Amino acid sequence: VQLVESGGGLVQPGGSLRLSCAASGGTFTLGWFRQAPGREREFVAAVNWGGGSAAYASSVNGRFILSRDNAKNTVYLQMNKLEPGDTAAYYCAADRRNLGVGIKPHEYDTWGQGIQVTVSS
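None of these values were measured; they are calculated from a predicted model.

Visitor: Quick question: what am I supposed to make of the overall build of the chain here?
Guide: Within the chain, the secondary structure is distributed over zero helices and eleven strands. Across the chain, helices and strands are ordered from the amino to the carboxyl terminus as β-β-β-β-β-β-β-β-β-β-β. Relative to the compact-globule value of 14 Å for 121 residues, the chain shows a C-alpha radius of gyration of 13 Å, a close match. The principal-axis extent of the C-alpha atoms belonging to the chain is close to 40 × 30 × 25 Å. Expressed as a percentage of the 121 residues in the chain, the buried residues total 44%. Restricting the contact set of the chain to residue pairs at least 6 apart, pairs at least 24 apart contribute 57%. Accessible area for the chain stands at about 6000 Å²; split by element, carbon and sulfur atoms hold 48% of it. Within the chain, the 9 negative side-chain charges are centred at a point lying 3 Å from the centre of the 11 positive side-chain charges.

Next up, the structure:
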């Protein structure tokens, strides 16, 4: 299983970015986590393998939208109304056991390399 993230970068407050995570090796529950310097890794959003169930952190609910295209085995995180507090390294994660939409890092067994998102004027 391999996860490849793309789409990060620098954006001004109020702007938008779309992150992509392409998974190889199967169809799994996929999630996004983020980690800012000096802080623990925190849950952002996740969607089950079929796309019928999703979860969002309260801090991003209403601003971020998660979707997946199983034909491309890719999940997308559309991030709108970005704030400086969203600045972090964002990590895609897979739960190969497909046990549900987990919100804890230990519920995921495969991780991408991470991609930086910086929100600054």
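Visitor: Explain the pairing of strand 11 (residues 115-119) to me, please; I cannot follow it from the model alone.
Guide: Going residue by residue along strand 11, you find Ile115, Val117 and Val119 tucked away on one face and Gln116 and Thr118 left uncovered on the opposite face. As paired strands, strand 2 (residues 9-11) and strand 11 are joined by three bridges and run parallel to one another. Pairing of Val11 across the sheet is with Val119, part of strand 11. In the sheet, strand 9 (residues 88-95) pairs with strand 11 via three bridges, with the strands oriented antiparallel. Of the residues in strand 11, the one forming a bridge with Ala89 is Gln116.

Visitor: Explain unusual backbone geometry to me, please; I cannot follow it from the model alone.
Guide: With glycine set apart, most residues show a phi of negative sign, and most peptide bonds adopt trans. Backbone geometry places Asn73, a non-glycine residue, at a positive phi of 50°. Note that Asn73 resides in the loop between strand 7 (64-69) and strand 8 (74-79). According to the relative accessible area criterion, Asn73 is buried, its value standing at 12%. Unusually for a residue other than glycine, Lys81 sits at a positive phi of about 50°. Relative to the helices and strands, Lys81 resides in the loop between strand 8 and strand 9.

Parameters and conventions
Residues numbered from 1 in each chain as written. Predicted model: local features only at pLDDT ≥ 70, side-chain atom pairs only at ≥ 80, totals over all residues. Heavy atoms only, no water. Helix = DSSP H or I, 4+ residues; strand = E, 2+ residues; numbered from the N terminus. Rg over C-alpha atoms; globule rule 2.2 N^0.38 Å. Buried < 20%, exposed > 50% of the residue type's maximum accessible area, 1.4 Å probe, protein only. Contact = heavy atoms within 4.5 Å. Areas by Shrake-Rupley, 256 points an atom, 1.4 Å probe, with all protein chains shown as cover. Lys, Arg positive; Asp, Glu negative; His and termini not counted. Charge placed at Lys NZ, Arg CZ, Asp CG, Glu CD. Pairing = 2+ DSSP bridges.

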